[in-house]
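Below are the chains, spelled out letter by letter.
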Amino acid sequence: MKQFMDKDFLLSNDTAKVLYHDYASKMPILDYHCHINPQEIWEDRRFDNITQVWLGGDHYKWRVMRSNGVEEKYITGDASDREKFQKFAEALPKCIGNPMYHWCHLELQRYFGYQGVLNGDTAEEVWNLANDKLRNDPNMTARGLIRQSNVFMVGTTDDPIDSLEFHAKLAADPTMETKVCPSFRPDKALDIEKATFPEYIHKLESVVGFEFGCINCVRKALTARIDHFAANGCRASDHGLGYVPYVEATDEELTAIFKKGMAGEALTTREIDAYKTALLLHCGREYAKRGWVMQIHFSCLRNTNEAMFRKLGPDTGFDCIAITDSGEALTKVLSKLYSEDALPKTILYSLNPGDNAQLGTFLGAFQGPEVPGKIQHGSGWWFNDTKTGMIEQMTSLANLGLLGNFIGMLTDSRSFLSYTRHEYFRRILCNLIGTWVENGEYPADMDALGKLVQDISSNNAKRYFGF
């Protein structure tokens, strides 16, 4: 029986152990998609206790607690931080087979030096140990956690109306060695069907300094904000879509649709899709001009629990996998941009793992010579960044494309402790490849294999994002 989460955790054969320890483990991290707050990096935030850095904003952990019958007061409510930590610690032992169990113990081992097991009985010990280190260790601030995690680049998620003032400050700070790059997330400008759309558009008008009377005004405004992001080091965009639309319409039709949306009038599905298609294509063209990466996330059902959405708002743990028929529309978006020589580097993520094979076939249809693996099947996302989900995504990519050009893992996290998810991914990657080698399915050329896992762990993303 193997020891719990020892140095060879998840590494089941000799080849995997060599690949991880000698090649993958020390590679720099490019966390190119996350939800870290850049202001906290600039201010070098120090957390008062482990609940703040562990449970604050982490809807993964909130779902664990809810699944264990924990009252909401101990999750997002007014219970004390100590009480919230206790409730989470009591729920954690039931997470057998859940990546949360591994993530939590990797974080406790790597950042706090705790080699034990967290549960209700050990919660007080862990609470005191972690809090002492958080308060007194100079390496346990926001910047310190990034630095000790060997992070080369952080890609935050930012709205077009954001000033990016903290990105500018970080870029001008010679003591900040990690690159902190904004990512352009224009969802609110595209979500014409939402009741909040008119209010958001007025904010965008205020930022760009002119009123919108037509669809070209919206395009002009987005281009202006893309320029602003480019001036502040942006290298990627991100589009969160329930499903991928594709409906063509004239500018006259699109202007009429925009005006209906601004007036709060009911829109048809065709009108909503036409508006989103036009702006998605416009943004894609602008990204291509600047060499940016376009990320498209889709097949997510958002805010399914209406009562809890009204109480807590979005991104609080009530989203689910959607089954959507996005394939044909997605190929039309890619094909349209490709035909105009305006298809940017693109990463495709579906929350539905049933889309893996379909996405794998899309890659080969739209690749280009600008960079190896120009069109990427993104890493296991959200509900798929499990051990099983990662293996399935990488196996599908290997079967249908070139795993050697894969740009690897991201955290998609709001926590400064989540960089251990890259370690988790690298261990799974090395074990997968090591198993193929030991089965005689690939030569045991350690130099070539070592380069392969180093590329997937770090080098491919560095090249892909232009560093």
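Because the structure is predicted, anything quoted here is derived from the model rather than measured. (Residues numbered from 1 in each chain as written. Predicted model: local features only at pLDDT ≥ 70, side-chain atom pairs only at ≥ 80, totals over all residues. Heavy atoms only, no water.)

**Q** Teacher, can you tell me more about the sheet that holds strand β1 (residues 29-31) here?
**A** Strands in a sheet are paired, the pairing made by backbone hydrogen bonds, and the direction either parallel or antiparallel. Strand order across the open sheet formed by three strands is β1-β2-β3, with parallel pairing between neighbours. The open sheet has two free edges, formed respectively by β1 and β3 (179-181), since each of these has just one partner strand. When strand polarity is set aside, the average angle formed by the axes of neighbouring strands in this sheet is 10 degrees. Bridge count between strand β2 (residues 151-155) and β3: three bridges; the pairing is parallel. For Val154, the partnering residue across the bridge sits in β3 and is Val180. (Pairing = 2+ DSSP bridges. Helix = DSSP H or I, 4+ residues; strand = E, 2+ residues; numbered from the N terminus. Axes fitted to C-alpha atoms, helices over the stretch in contact; angles between N-to-C directions.)

**Q** Can you walk me through the nonpolar core in this structure?
**A** A general feature of soluble globular proteins is that nonpolar side chains tend to end up buried together. In this structure, Ile50 and Trp54 are the most contacted members of the largest nonpolar core, which totals 145 residues. Top element by residues in this core is helix α14 (residues 269-290). It accounts for nine residues. (Core = buried A, V, L, I, M, F, W, Y, C linked by side-chain atoms within 4.5 Å. Buried < 20%, exposed > 50% of the residue type's maximum accessible area, 1.4 Å probe, protein only.)

**Q** Where do I start with the pairing of strand β9 (residues 345-350) in this structure?
**A** Strand residues, when the strand is regular, have side chains that alternate between the two faces of the sheet. When you tally the buried positions in β9, you get six out of six residues, the bulk of the element. Side chains Lys345, Ile347 and Tyr349 of β9 all project onto a buried face; the interleaved residues Thr346, Leu348 and Ser350 project onto the opposite face, where all are buried too. In the sheet, β9 pairs with strand β10 (residues 375-377) via three bridges, with the strands oriented parallel. In the strand pairing of β10, Ile347 is matched with Gln376. Handedness of the crossover joining β9 and β10 through helix α17 (residues 356-365): right-handed. (Right-handed = clockwise from strand over helix to strand, strands pointing away.)

**Q** For this particular structure, what's the right way to read the pairing of strand β6 (residues 293-298)?
**A** For β6, a buried count of six out of six residues is recorded, marking the element as mostly surrounded by other parts of the structure. Burial of the side chains of β6 extends over both faces: Val293, Gln295 and His297 are buried on one face and Met294, Ile296 and Phe298 on the other. Across five bridges, the pairing between strand β5 (residues 236-240) and β6 is parallel. Note on β6: the bridge partner recorded for Ser237 is Met294. Bridging between β6 and β9 involves six bridges; their strand directions are parallel.

**Q** What is the right way to look at the state of the cysteines in this model?
**A** A covalent bond between the sulfur atoms of two cysteines is what we call a disulfide. Counting across every chain of the model gives zero disulfides. Here Cys104 is not cross-linked by a disulfide; its sulfur's nearest cysteine counterpart is in Cys95, at 7.3 Å. Cys217 provides the cysteine sulfur closest to Cys214, a residue in no disulfide bond, and the two sulfurs are 3.3 Å apart. (Disulfide = S-S within 2.5 Å.)

**Q** I keep staring at the side chain of Asn131 and nothing clicks. Help me out?
**A** Residue placement: Asn131 occurs in helix α7 (residues 123-136). With relative accessibility at 2%, the residue Asn131 sits in the buried group. Contacts of Asn131, omitting those with residues within four sequence positions, involve Asp48, Asn49 and Ile50. (Contact = heavy atoms within 4.5 Å.)

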